[in-house]
Amino acid sequence: MTKETSSGNFLSQDLLEVLRSPDECHPLEWNPSQQQLIDSQTGQAYPVLKGIPRFVEQEHLSSFGLQWNKYEVAHPDEDRATFTAKTGMELGELKGLKILDAGCGGGRYCKVAAEAGGIVFGADHTTAVEKAQQLNAHLEHVNLVQADLKHLPFEPESFDFVFSIGVMHHDKETRAVFDAVARMVKPGGKYSVWLYRRNQWWQEWINSGLRKITTRMSPEKLEPWCRLGAWLGGLPVINKVLNKIVNFSNHPNWENRVCDTFDWFAPAYQYHHTTAELKSWFEQAGFENLKVLPPEKKGRFYLWCYHHNLLIGSGVNIQGTRSTNDTN
């Protein structure tokens, strides 16, 4: 098997075997001389740039491509802990599984899953896949595509485990993304999703009002404000109180704080959901044995705020198993 190289001359056999045209689900043929994947039944061609198949442009999600390629936010120990907390999967369970990271961003969770022995496929709508490629260049079993999560270039019901962390709520239709990605899970396979939590009405009102302003800003104008938020996120007490009113990150690392704050205020779409709502989606999509996953952070005050929906930027998080009797 050949690992993708920086010259983009090769695609891994893992990837070539599973790729399909996004809507018709036809097998794709690799044309190395033209650096294209071709659907021989329709003649549709998809470019391969820098070794990554491209099925879409960035469109309304371009801010993510910018942030993931600019900032260094991967921290191995933290990323492993976050992966386990937000997917409900222990690393020892991943070996040999065919895994889809739906909305892989800069690829840090692809890296976690592949280092644990998974055969990983990462899909993202943005050029963040290029950062993911760099981060995972040493791993043979990480395969990346730039694709719309609502029109994934894979065979339905072909993955043992699918996860999506903090991505679906940035589409115009969160539920449509959830359902499209759910179709990728094999009967008996597991599916984990983390979405932004709906907060108290006054928090929603304040932050929605601010986002009406920030989403009209250019990245160059918005970034200094995010740096201000990152500075506030490093101040004791302020970073535990004021960010319950106006969202900014209090991550220990400066670059993560800037990136997380930019992630909140830049995207064109951002929807917030409840646990009951997400649970109903799983049930209607044919999943059972649902587990509502607890937050990664602990502490009495933190958990009190979490359970009272006072933590802006916190999530609703569920894992389910696709029924073997599912007829969806």
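Please read these numbers as outputs of a predicted model, since none were measured by experiment. (Residues numbered from 1 in each chain as written. Predicted model: local features only at pLDDT ≥ 70, side-chain atom pairs only at ≥ 80, totals over all residues. Heavy atoms only, no water.)

On the surface, Trp-201, Trp-202, Trp-205, Ile-238, Leu-242 and Ile-245 cluster together into a nonpolar patch covering about 660 Å² of accessible area. Here the nonpolar patch gets three residues from one element, more than from any other, and that element is helix H7 (residues 201-214). Residue class for Leu-242 comes out partly exposed when judged on its relative accessible area of 32%. (Patch = residues over 30% accessible without salt bridge, like charges linked within 9 Å, V, L, I, M, F, W, Y side chains within 5 Å. Areas by Shrake-Rupley, 256 points an atom, 1.4 Å probe, with all protein chains shown as cover. Salt bridge = Lys/Arg side-chain N within 4 Å of Asp/Glu carboxyl O. Helix = DSSP H or I, 4+ residues; strand = E, 2+ residues; numbered from the N terminus. Buried < 20%, exposed > 50% of the residue type's maximum accessible area, 1.4 Å probe, protein only.)

Moving on, we come to the pairing of strand E6 (residues 119-124). Among the six residues of E6, five are classified as buried, and the element is accordingly described as predominantly covered. Judged from the five bridges that link them, strand E5 (residues 98-102) and E6 form a sheet pairing that is parallel. Considered in E6, the bridge of Ala-102 is made with Ala-123. Sheet analysis places E6 next to strand E7 (residues 142-146), joined by five bridges and oriented parallel. (Pairing = 2+ DSSP bridges.)

An order of E7-E6-E5-E8-E9-E11-E10 is seen for the seven strands of this open sheet, with the pairing classed as mixed. In this open sheet, the two strands that pair with only one neighbour each are E7 and strand E10 (287-292). Here the strands of the sheet are splayed against their neighbours by 15° on average, with no regard to which way each runs. (Axes fitted to C-alpha atoms, helices over the stretch in contact; angles between N-to-C directions.)

In terms of burial, helix H5 (residues 128-135) is largely enclosed, as six of its eight residues are buried. Looking only at H5, the buried set comprises Ala-128, Val-129, Glu-130, Lys-131, Ala-132 and Gln-133.

Looking at the chain as a whole, the pLDDT averages 91, with 92% of positions reaching at least 70. Counting interchain partners and residues more than four positions distant, the pLDDT-below-50 stretch residues 1-7 has 24 contacts. Here residues 60-65 is modelled with pLDDT under 50, and outside its nearest four sequence neighbours on either side it reaches 19 contacts, counting other chains as well. (pLDDT = per-residue confidence, 0-100. Contact = heavy atoms within 4.5 Å.)

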